[in-house]
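# Structural overview
Residues per chain are reported as follows:
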Amino acid sequence: MTNPHISVVIPCYNDGKYLPETIARLKQQTFTNFEIIVVNDGSTDEATIAYLNTLETDPQIQVIHQANARMSAARNKGAKHAKGEYI
């Protein structure tokens, strides 16, 4: 996505159980000019890794992997990659 109006940053750590519903709800919005940035903060569970791998082909979603640095660092990393006018 080249010019998103809004960037949604989702930090995650072993949240594979909740990510599918979160992403699905975002995709159901009537406003479509947004990007989703999921920052994997060093997840160790297979469910999270497997789900994130399925997202990497979606042009509206950017998945960033980093070593565990805690939620604030994950949010900051997502914000640095955001292209939207609003985060």
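Scope of this entry: the structure provided in the associated data block. Each chain has its residues counted from 1, following the order in which its sequence is written. In keeping with the model being predicted, local features are shown solely for residues with a pLDDT of at least 70 and side-chain atom pairs are shown and tallied solely at 80 or more, while totals for entire chains, interfaces and linings include all residues. The basis for every side-chain value is the complete set of non-hydrogen atoms in the structure, without hydrogens or water.

Glancing now at the pairing of strand β3 (residues 61-66). For two strands to count as paired, DSSP must find a minimum of two bridges between them. Under the DSSP-based scheme used, a helix requires at least four consecutive residues in state H or I and a strand at least two consecutive residues in state E, with every element numbered from the N terminus. Pairing of strand β2 (residues 34-41) with β3, which is carried by six bridges, proceeds in the parallel orientation. Of the residues in β3, the one forming a bridge with V38 is V63. Orient the strands so they point away from the viewer, and a crossover whose first-strand-to-second-strand path over the helix runs clockwise is right-handed. The parallel pair β2 and β3 is bridged by helix α2 (residues 46-55), and the resulting crossover is right-handed.

On to the side chain of D58. Inspection of the secondary structure puts D58 in the loop between α2 and β3. One polar contact links D58 to K27, side chain to side chain, over a distance of 2.8 Å. Separated by 2.8 Å, the side chain of D58 and the backbone nitrogen of Q60 make a polar contact. The term polar contact refers here to a pair of N or O atoms within 3.5 Å; inside protein, the definition further demands a hydrogen-donor-capable atom paired with an acceptor-capable atom, and it admits residues adjacent in sequence only when both atoms are side-chain atoms.

Most often, soluble globular proteins keep nonpolar side chains buried together rather than apart. The biggest cluster of nonpolar side chains holds 13 residues, and the ones touching the most others in it are I10, I23, I36, V38, L52, L55 and I61. Breaking this core down by element, the ones donating at least two residues are β1 (6-12), α1 (19-27), β2, α2 and β3. We call two residues in contact whenever any of their non-hydrogen atoms come within 4.5 Å of each other. If we ignore the near neighbours within four places in the chain, the residues touching I23 are I10, I36, V38, Y51, L55 and I61. Ranked by size, the runner-up nonpolar core spans six residues in total, among them V9, I37, I64 and A74. Among buried residues, the Ala, Val, Leu, Ile, Met, Phe, Trp, Tyr and Cys ones that are joined through side-chain atoms within 4.5 Å form a nonpolar core. When a residue's accessible area, from a 1.4 Å probe over protein chains only, is under 20% of the maximum for its type it is buried; when over 50% it is exposed; and in between it is partly exposed.

None of this, on its own, says anything about what the molecule does.
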